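# Fold and contact review
Residues per chain are reported as follows:
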Amino acid sequence: MKRILTLILLVVGLQLNAQSNDGLLKHFEAYYKEMKAQGDVQGIINAMTHLNVIAPSQARKDTLAYIYMSEGLNLQALNTIGIDRIIDDSDIAVEVKAVALKAVNQPKLAVLQFEEMFKRKPNALIAYELAEINLQLKKLDEANKHITYGLANANAEEKKAFYETQTPYQVPLKSAFMYLNALLEYNKDPKVNIDAAVDILDATLKTAPNFNLVNISKNELLRQKQALQNQEAEPKN
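Since the model is a prediction, treat every value here as computed from it, not as a measurement. Throughout this description, residue numbers start from 1 for each chain and increase along the sequence as written. The predicted origin of the model limits local features to residues at a pLDDT of at least 70 and limits the giving and counting of side-chain atom pairs to 80 or more, whereas totals for whole chains, interfaces and linings rest on all residues. Side-chain numbers here rest on the full set of heavy atoms in the structure, without hydrogens or water.

This part takes up the overall build of the protein. Helix and strand labels come from DSSP, where a helix needs a run of H or I of at least four residues and a strand needs a run of E of at least two; each type is numbered from the N terminus. Of regular secondary structure, the protein possesses eleven helices and two strands. Taken from the N to the C terminus, the helices and strands of the protein come in the order α-α-α-α-α-α-α-α-β-β-α-α-α. Each residue gets one of three labels from its accessible area relative to the maximum for its type: buried under 20%, exposed over 50%, partly exposed in between, using a 1.4 Å probe on protein chains only. Looking at the protein residue by residue over its 237 residues, the buried ones come to 34%.

Below, the structure is given as structure tokens:
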């Protein structure tokens, strides 16, 4: 008799728990929709977190991570979905990992995710990220491959934003690839290729006169050139 009573109580408890979870799920689904309608990002994060606790799913985790990344909360995004390269990750998960890992200064890990993005959907914007990171990693052959792709495939409508000034600005994506090409040329031989790199920067300015970063880089290269000339002109003992 006691066993039967215990079994009945257990079944009733499971049913009540299922009903409770179902009610909570509906509540937070409605809450999520309302927060989304209001544009309340923190509310959206709270709702999605609760939904993922009540009814876990990879899609919800990916969405939550994407929201974190979009708000610049890159560590939270990575803590949500991890950093490993997983072959069956969703496109959203791969993008989140790539962007967030780059933002937290993990280029060796970020480049793996950007490579996966490019493999799934090759385009000039992803090629730019790969070229930039490979330059940072001193992988010049890889950088050259993606710069060549970008120069050939960037269309006139595509833009690249830069943020080194107080007011962010945009330049044509092809001009941004020309800038990377100048950096590539310089890195091949920093003492010999300064003039060649400056020539590319001058050509870049003709396509994007507002490209402030090009002016900064050009001035730095000319400073280095002058320093080398002064060094060579010094009398030797």
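Looking now at helix α11 (residues 212–233). Its 22 residues place the ends of α11 32 Å apart at the C-alpha level, agreeing with the 32 Å of an ideal helix rising 1.5 Å per residue. Along α11, the residues that are buried comprise L213, V214, S217 and L221. On an axial view of α11, the arc spanned by its buried residues comes to 100 degrees, and they lie on one face. Seen from the open side of α11, the exposed residues pointing more than 90 degrees away from its buried face are N219 and A233. Contact criterion: two residues are considered in contact whenever any of their non-hydrogen atoms come within 4.5 Å of each other. Considering only its buried residues, α11 is in contact with β1 (159–162), β2 (169–172), α9 (173–188) and α10 (194–207). To estimate the expected span of a helix, subtract one from its residue number and multiply by 1.5 Å. In this context, the arc is that of the directions from the helix axis out to the C-beta atoms.

With that settled, consider the nonpolar core. Nine residue types can take part in a nonpolar core, namely buried Ala, Val, Leu, Ile, Met, Phe, Trp, Tyr and Cys, and a core is a set of them joined through side-chain atoms within 4.5 Å. Counting 42 residues, the largest nonpolar core has F114, F162 and F211 as its most contacted members. Contributing elements (two or more residues each) for this core: α5 (91–103), α6 (107–120), α7 (124–136), α8 (140–153), β2, α9, α10 and α11. If sequence neighbours within four positions are ignored, F211 has contacts with F162, Y169, V171, S175, A176, Y179, T204 and L205. Core analysis: the next-biggest nonpolar cluster, separate from the first, contains 18 residues, L25, M35, M48 and L51 among them.

Let us now look at the side chain of S217. Here S217 is to be found in helix α11. Leave out the neighbours within four places in its chain, and S217 touches Y179 and L201.

Nonpolar side chains collect at one region of the surface, where I83, L109 and L112 lie side by side and expose about 200 Å² of accessible area between them. Tracing the backbone shows I83 in the loop between α4 (74–81) and α5. What makes I83 partly exposed here is its relative accessible area of 39%. Grouping into patches uses exposed residues only, defined as over 30% relative accessible area, and leaves out salt-bridged ones; the cut-off is 9 Å for like charges and 5 Å for nonpolar side chains (Val, Leu, Ile, Met, Phe, Trp, Tyr). Where accessible areas are quoted, they stem from the Shrake-Rupley method and a 1.4 Å probe; at the residue level, only the protein chains shown are allowed to cover. Between Lys or Arg on one side and Asp or Glu on the other, a salt bridge is scored when a side-chain nitrogen of the former is within 4 Å of a carboxyl oxygen of the latter.

Attention now moves to unusual backbone geometry. Located in the positive-phi region is N105, a residue other than glycine, with phi close to 65 degrees. Along the polypeptide, N105 turns up in the loop between α5 and α6. The backbone of K138 sits at a positive phi, close to 65 degrees, despite the residue not being glycine. Note on placement: K138 falls in the loop between α7 and α8.

This paragraph deals with the pairing of β2. Examined bridge by bridge, β1 and β2 share four bridges and lie antiparallel to one another. Among the inter-strand pairings, A161 is bridged to a residue of β2, identified as Q170. For two strands to count as paired, DSSP must find a minimum of two bridges between them. Connecting β1 to the next strand, β2, in antiparallel fashion are six residues.

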